[in-house]
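Notes for the structure review
Each chain, letter by letter, is given below.
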Amino acid sequence: MRYAETGYNLEVDLSTGNIERVATDPSMTEQYLGGLGTNARIMWDRVPPETDAFSPDNLLIFSSGLLCSTPAPSANRTIITSISPQNSLFGFSMMGGYWSPELKHAGYDKIIVRGKAPDWVYLWIENDKVEIRDAKHLQGKSTYDTAEAIRVEMNEPRAQVISIGLAGENKVFFSSIETHRGSASRLGLAAIMGDKKLKAVAVHGTKDINIAKPAEFIEECNKVLEYIQYRLNNPIPGVPPILAYIGSPQEMALHDEEWHLDSFAWGHARARRKGFWNKEVEKQWSDAMESYKKRLISCYNCPIRCAGIVEVPGYPTYILKCFTKLTYVMAAEVDDLDFGFQMLSKAQHYGVDGFTAPQVMAFAIELYENGILTDSDMPGFPKDKKERFHWLLEKIVRREGIGDVLADGVYWAARKIGKGAEAFDHNTIKKHEQVPIKLGMLNPIYYIMWSTGEKINITQIEGQIPQMPMEKHIREEFVKDWIQIPTGKEERFKQFILEWGEEGKNFPFWPPPDLVAELVEWQETMHYIDDSLGICSGVSSFPIKPPYHIHNLPLFISYGTGLNIDESELWKISQRIRNLVRAHNVRRGMRREDEKPPEDHWKKRFPDYEQKLMDEYYKYRGWDLRGIPTKETLEKLDLDFVYEDFVKRGIHKEE
Amino acid sequence: MKRKVKIIKIDLNKCMGCRACEVACAAFHSNPKYSNVNPARSRIQVFRNELKNVFVPVKGSFYTSAECAGRPVYMVDEKLQSGYEYGLSVCSFCGATCPSRDLFKEPDSGLPIKCDMCESDPPLDEPMCVKWCLVDALTYEEREEEAEEEVKLDELDTGLESLIDTYGRDKVVDAVARLSQKTETQSK
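In this text the structure is predicted, and so the values were computed from the model without any measurement. (Residues numbered from 1 in each chain as written. Chains lettered and ligands numbered in written order. Predicted model: local features only at pLDDT ≥ 70, side-chain atom pairs only at ≥ 80, totals over all residues.)

1. Here's the deal with the overall build of chain A
Our working rule: Comment: elements are numbered from the N terminus, with helices defined as DSSP H or I runs of at least four residues and strands as E runs of at least two. Here the globule rule reads 2.2 Å times residues to the power 0.38, and the radius of gyration is calculated from C-alpha atoms. With C-beta atoms placed from the backbone, the exposure class of a residue follows from how many other C-beta atoms lie within 10 Å of its own: 20 or more, buried; 12 or fewer, exposed; in between, partly exposed. Residue pairs are scored as contacts if the distance between their C-beta atoms, which are placed from the backbone, is within 7 Å.
Of regular secondary structure, chain A possesses 25 helices and 20 strands. Computed over its C-alpha atoms, the radius of gyration of chain A comes to 23 Å, within 12% of the 26 Å expected for a compact globule of 655 residues. Along the first, second and third principal axes, the C-alpha atoms of chain A reach 65 × 65 × 55 Å. When burial is assessed residue by residue, chain A has 56% of its 655 residues classed as buried. Within chain A, contacts between residues at least 6 apart in sequence are counted, and of these 70% link residues at least 24 apart.

In structure tokens, the structure reads:
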């Protein structure tokens, strides 16, 4: 008997209609846990770098995490993996909700989809019954409406559905896969669903998930719940409210938006609008949100309530969380939140990424205002700021006219449009739009994370530490109960907090490169663990002082699965997964030149020092100066097969 | 006589449908305790419809062999709701194990299950679903109450009753006799 996992994957070939239930190899769990980890290994074995995103041979893997459907609180994430259409790199995107636990209760850890259906289909899974069903009647339906239609059609209101909308159907490179309570929106994986003509995957399951050491496991769950309650009652003092709690930043509960509105850039990630936030705006925005927000809700088995059900008169209802509340408002440079809530209703029903889509639209407006795009490119383009956004969204999701060009994202659109448009591609890394931040002084920790992160979104690898020096009088108090630090690093990381902000201990030359490397590694390592376990980063890798950490996660894994994994083994597994993801991208051509933040990300830059930081970081991670894992690193992590592949491809010379 | 009455109170305004109660209940009632999880075995079920903003936890309460006439629509949150959207077909949010739906039945055997307030030895401070509901949609109350003595059917009785309803008394009696003979032979 397998514990915590089901031990079966579902293999679906949409070209032939073949469906198989395949037992998984338990040693893969030992080496890669599940979720992102095992996805990365399956992709490595079966999708060579010659395979394009839109090839029928590209896989699309919908995976649960190792701990999903166990009682571990907030273990509900779905990890979707494929080759990204936007940058041809290893694409992985995650979402919360209720889908993964349902999949495991149906008896599967993953669904591995290959091939392409001749016409629109959806997958229906109810325990042992798996069907590829006709979805022609669902074509054009919104993400939410598709889910509702399937529930009615199959007469099973408890079915959990993930689906794509018009944007995914039309292979928009920043389209999102949606489930009522979450979106997998980075790297355009919905376009892969669209390419395979897979409109939705609906699951209902009623099978057991077993726990290896039940009494010990439930005790750890109870401790986490107690700590969650403690942290909800005790926000971290001295940091902005948005970072003081746990969960996704609590933007549906809190009204204080000063931190985002002041520190993030408006328009096409151009300039900050310091001082915009005042009492009057706060009152207007609070009233707007309270009138539209019907209830705060959580994902499966989680008490934190990061999301809100949003009902805007005249627009279909949807569910929203986090910073996306502001992205359309800021990109369009309008002053009222109503506009944001209205755009978001359309955007979520069409299924587009709330980070990228607004920036692509703001980019189009910049090109228009600079005469690069004209009325002949955009006949009927409105004059009003808000109407322009609505107009652009409708064009993009249908790939109509200029929308067809913009649907490939800023990087490709700029090159296709030409006439100097490339100069306006100023906020992408690895061809993907980034969170709009333009700051003053180089931040060495974030410099490394923005540059080297392969999850493409900074929010997906940051966490654990405050983003600014803490005020002197609260530093001692802060480090007192900072139990989350990895063993052996306690003194060093606590000292970092105690000294940060002292004379001479500030950005850019402090913390020193070796400490920068260690802090970045810690933050990223915790995210890669979460993505393999299916635990939400909102209670684990993202917030300061989270309930899950490197000391209790090994217990959850060991008690849940029966494997014997301690802190150092878990750390090693996370490094293995991290290096395998990097290896994918290395053999797909990613090199050091691709690892840089936007030029104007910080006003003050230090090119030589930045290179030194990068050298040190690569060295610390066991990568050579090109950013490629060395033979020694790969062998230490039991990734010998990666080294052999690198030699075969001439990436490494045989030693 | 006086009797201790245990109550799980449900606040519909606070429930947000996370199903932690189902997870906790299913884990607690597995054997050995917490050795497996399956919300389909939970004795509390959350009817949820996010877009309609309706979340209703319902405890499994009694077994009945007959379908009732039910109600096609009812009020939740002062809004008219159709039961269909919650998988209730033509009935309202009730905790019955009845022939019209597969709720509050063991997924394997189809036998009825109902809330037992997590009676256990040693006893819990409060039922697991209440303990795991950090948003306080479920709260626990104990109070003393005057009550008439009644014969409570235990789980085995209810299970047998439902088997008799399905297969008829004679067949069940035959099967029990046959099985007890078989186990007797085996133990010899």
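2. Digging into the packing of helix α17 (residues 444-452) of chain A against helix α20 (residues 513-533) of chain A
All names here are of chain A. Quick reminder of the rule: Here an axis means a line fitted to C-alpha atoms, over the contact stretch when the element is a helix, while the angle between two N-to-C directions is reported on a 0 to 180 degree scale. Any angle that is under 35 degrees is reported as roughly parallel, and any over 145 degrees as roughly antiparallel; angles of 65 to 115 degrees are reported as roughly perpendicular and all others as oblique. Two helices that cross are described as forming a left-handed crossing if the nearer one is turned anticlockwise from the farther one by less than a right angle, and a right-handed crossing if clockwise. In this count, Pro and Cys sit with the nonpolar residues alongside Ala, Val, Leu, Ile, Met, Phe, Trp and Tyr, while Asp, Glu, Lys and Arg are called charged and the others, Gly among them, polar.
Contact geometry of α17 with α20 gives a least axis separation of 9 Å together with a crossing angle of 50°. The pairing of α17 with α20 is recorded here as oblique in orientation. Here α17 and α20 pass one another in a crossing that is right-handed. Side by side, α17 and α20 meet where Pro-444, Ile-445, Ile-448 and Met-449 of the first sit next to Val-516, Leu-519 and Val-520 of the second. Residues of the contact of α17 with α20, tallied by class, amount to seven nonpolar, no polar and no charged.

3. What to know about the packing of helix α12 (residues 337-350) of chain A against helix α14 (residues 385-398) of chain A
All names here are of chain A. In contact at an axis separation of 11 Å, α12 and α14 are set at 5° when each is read in the N-to-C sense. Accordingly, the angle class assigned to the pair α12 and α14 is roughly parallel. Residues Phe-339, Met-343, Lys-346, Ala-347 and Tyr-350 of α12 touch α14, and the partners they reach there are Lys-386, Phe-389, Leu-393 and Val-397.

4. Observations regarding the domain arrangement of chain B
Residue and element names in this part refer to chain B. Note the following rule: Note that domain bounds follow an automatic or database assignment of domains.
In terms of domains, chain B is made up of domain 1 (2-150) and domain 2 (152-188). Listed per partner, the contact involves five residues of domain 1 and six residues of domain 2. Of the residues belonging to the side of domain 1 that touches domain 2, the class tally is three nonpolar, one polar and one charged.

5. Section: the domain arrangement of chain A
Residues and elements named next belong to chain A. Along its sequence, chain A is carved into domain 1 (8-204), domain 2 (247-433) and domain 3 (439-648). Its C-alpha centre places domain 2 at a distance of 29 Å from the equivalent point of domain 3. Taken together, the twelve residues of domain 2 in the interface contact eleven residues of domain 3.

6. Section: the nonpolar core
What counts is decided by this rule: For the purposes of this analysis, a nonpolar core is taken to be any set of buried Ala, Val, Leu, Ile, Met, Phe, Trp, Tyr and Cys residues that are connected through C-beta atoms within 7 Å.
If you look at the biggest cluster of nonpolar residues, it comprises 222 residues, and the most contacted ones within it are A:Tyr122, A:Ala202, A:Met361, B:Cys21, B:Ala24 and B:Cys129. Those residues in contact with A:Ala202 that sit more than four places away from it in its chain are A:Tyr122, A:Leu123, A:Trp124, A:Ile125, A:Ile150, A:Met154, A:Ala159 and A:Val161.

7. As for the sheet that holds strand β6 (residues 110-114) of chain A
All names here are of chain A. Cut-off, in case you're wondering: In short, DSSP must find at least two bridges between two strands for them to pair.
Strand order in the open sheet formed by six strands is β2-β1-β6-β3-β4-β5, and the pairing between neighbours is mixed. Two strands in the sheet have a free side with no partner beyond their single neighbour: β2 (18-23) and β5 (90-95). With direction set aside, neighbouring strand axes in the sheet form an average angle of 15°.

8. Some details on the interface of chain B and chain A
Each side of the interface is counted separately: chain B has 26 residues, and chain A has 35 residues. Put simply, the parts of the chain that give the side of chain B that touches chain A at least two residues each are α1 (20-28) and β2 (36-37) of chain B. When residues in the side of chain B that touches chain A are grouped by element, the largest group, four residues, is from α1(B). Across two bridges, the pairing between strand β13 (residues 209-210) of chain A and β2(B) is antiparallel. If you follow A:Asn210 over to β2(B), its bridge partner there is B:Asn36.

9. Some words on helix α22 (residues 567-587) of chain A
Residue and element names in this part refer to chain A. The following threshold applies: One less than the residue count of a helix, multiplied by 1.5 Å, gives the span that helix is expected to have.
For α22, built from 21 residues, the straight-helix expectation of 30 Å at 1.5 Å per residue is met to within 8% by its first-to-last C-alpha distance of 30 Å. Most of α22 is tucked away, with 16 of its 21 residues classed as buried. Just downstream of α22 lies Gly-589, where phi reads positive at about 100°.

10. Considering the environment of A:Val581
All names here are of chain A. Within the secondary structure layout, Val-581 lies in helix α22. The buried category is assigned to Val-581, around which 24 C-beta atoms lie within 10 Å. Residues Val-581 and Gly-168, spaced 413 residues apart in sequence, show a C-alpha to C-alpha distance of 25 Å. Contact partners of Val-581, with chain neighbours within four places excluded, come to Ala-40, Phe-90 and Glu-454.

11. Here's the deal with the sheet that holds strand β15 (residues 307-310) of chain A
Residue and element names in this part refer to chain A. Judged by pairing direction, the sheet is antiparallel, and its three strands sit side by side in the order β14-β15-β16 without closing on themselves. Of all the strands in the sheet, just β14 (293-297) and β16 (318-321) have a single pairing partner and so form its edges. Each adjacent strand pair in this sheet contributes to an overall mean axis angle of 30°, direction not counted. The sheet contact formed by β15 and β16 spans four bridges and is antiparallel. Following the sheet pairing, Val-310 is matched in β16 by Tyr-318.

12. Quick look at unusual backbone geometry
For the peptide bond that leads from A:Phe507 to A:Pro508, omega is 5°, which places it in the cis range. With respect to the helices and strands, the residue A:Pro508 is situated in the loop between α19 (490-499) and α20. With an omega of -5°, the peptide bond between B:Asn31 and B:Pro32 qualifies as cis. Within the fold, B:Pro32 resides in the loop between α1 and β2. The phi angle at A:Lys171 is positive, at roughly 55°, despite the residue not being glycine. The residue A:Asn301 is not glycine, and still its phi comes out positive at about 50°. Residue position: A:Asn301 is located in the loop between β14 and β15. Accessibility expressed as a C-beta count within 10 Å gives 27 for A:Asn301, which makes it buried.

13. Side note on helix α25 (residues 640-648) of chain A
Residues and elements named next belong to chain A. We count it as follows: Working definition: the arc comes from the directions between the helix axis and the C-beta atoms, pointing outward to the latter.
Restricting attention to buried positions, one finds in α25 the residues Val-642, Tyr-643 and Phe-646. Looking down the long axis of α25, one finds its buried residues gathered within 100° of arc, a one-sided arrangement. Residues of α25 that are exposed and point over 90 degrees away from its buried face: Asp-640 and Lys-648. The secondary structure elements touched by the buried residues of α25 are α22 and α24 (631-636). Positive backbone phi, at 75°, marks Gly-650, one or two positions downstream of α25.

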